[in-house]
Amino acid sequence: NEVQIGDRVEVDTKGTYQSIYSWAHYSPHKKSHYWQLTAQTLVLSSENNYRRSKNSEIVTLELSDDHMVFVMNNGNNSYTLHHNRDLRAIPASKVQLGNILHL
């Protein structure tokens, strides 16, 4: 029972389903390495600052080496988002402790 294009899969712990619409790198016989990224959620305030809130959650993502994620693009890991240009996409395998992920 393999997942196929058009199948709907659960994408979070709240029962949300989305359709598979393409494969980035489909190799049915290749074993793959997956990363587990665990992070605490932050809230973006009206001043474009990220902050913890009483509703913050710990989330875990399982991603392939080449799955792209967005991180803050400023070198000092500041909690301020000025524009989308402050984000950059990197492979999951390049995420480092302290990076601020933008989900």
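The rules behind the values
Per chain, residues are indexed from 1 in the order of the written sequence. Reporting of local features is limited, given that this is a predicted model, to residues whose pLDDT is at least 70; pairs of side-chain atoms are given and counted only at 80 or more, and all residues count toward the totals for whole chains, interfaces and linings. Hydrogens are left out, water is left out, and the side-chain values use all remaining heavy atoms of the structure. Each helix is a run of H or I in the DSSP string that is no shorter than four residues. Each strand is a run of E no shorter than two, and both are numbered from the N terminus. A 1.4 Å probe rolled over the protein chains alone gives each residue an accessible area, and that area as a share of the maximum for its type sets the label: buried under 20%, exposed over 50%, partly exposed in between. Here, residues are in contact when the closest pair of their heavy atoms is within 4.5 Å. Residues belong to one nonpolar core when they are buried, are Ala, Val, Leu, Ile, Met, Phe, Trp, Tyr or Cys, and are joined through side-chain atoms within 4.5 Å. Strands are labelled as partners when DSSP assigns at least two bridges between them. We define a salt bridge as a side-chain nitrogen of Lys or Arg found within 4 Å of a carboxyl oxygen belonging to Asp or Glu.

**Here we look at the overall build of the protein**
Link 1 in the chain: The helix and strand tally for the protein stands at zero helices and nine strands.
Link 2 in the chain: When its helices and strands are written in sequence order, the protein yields β-β-β-β-β-β-β-β-β.
Link 3 in the chain: Out of the 103 residues in the protein, the part that is buried amounts to 16%.
Link 4 in the chain: Pairs at least 24 apart in sequence give 37% of the contacts found in the protein among residues at least 6 apart.

**Here's the deal with the nonpolar core**
Link 1 in the chain: In this structure, Leu37, Leu63, Val69, Val71, Ile90, Ala92 and Leu101 together form the largest nonpolar core, which totals seven residues.
Link 2 in the chain: Contacts of Leu63, omitting those with residues within four sequence positions, involve His33, Tyr34, Trp35, Leu37, Val69 and Ala92.

**Examining the sheet that holds strand β9 (residues 101-102)**
Link 1 in the chain: Strand order in the open sheet formed by three strands is β8-β7-β9, with antiparallel pairing between adjacent strands. Among the strands making up the open sheet, the edge pair consists of β8 (87-91) and β9.
Link 2 in the chain: Where strand β7 (residues 68-72) lies against β8, five bridges are found, and the strand directions are antiparallel. Note that in β8 the partner of Val71 across the bridge is Arg88.

**What about the pattern of salt bridges?**
Oppositely charged side chains can pair when the atoms bearing their charge come close.
Link 1 in the chain: Applying the stated criterion to the full structure yields one salt bridge.
Link 2 in the chain: Where Lys14 meets Glu57, a salt bridge forms, and the shortest distance between an N and an O atom there is 4.0 Å. Linking Lys14 in the loop between β1 (8-10) and β2 (17-19) with Glu57 in the loop between β5 (50-51) and β6 (58-64), this pair joins segments that are 43 residues apart in sequence.
Link 3 in the chain: Overall, the relative accessible area of 66% leaves Lys14 in the exposed class.
Link 4 in the chain: Its relative accessible area of 38% is what places Glu57 among the partly exposed residues.

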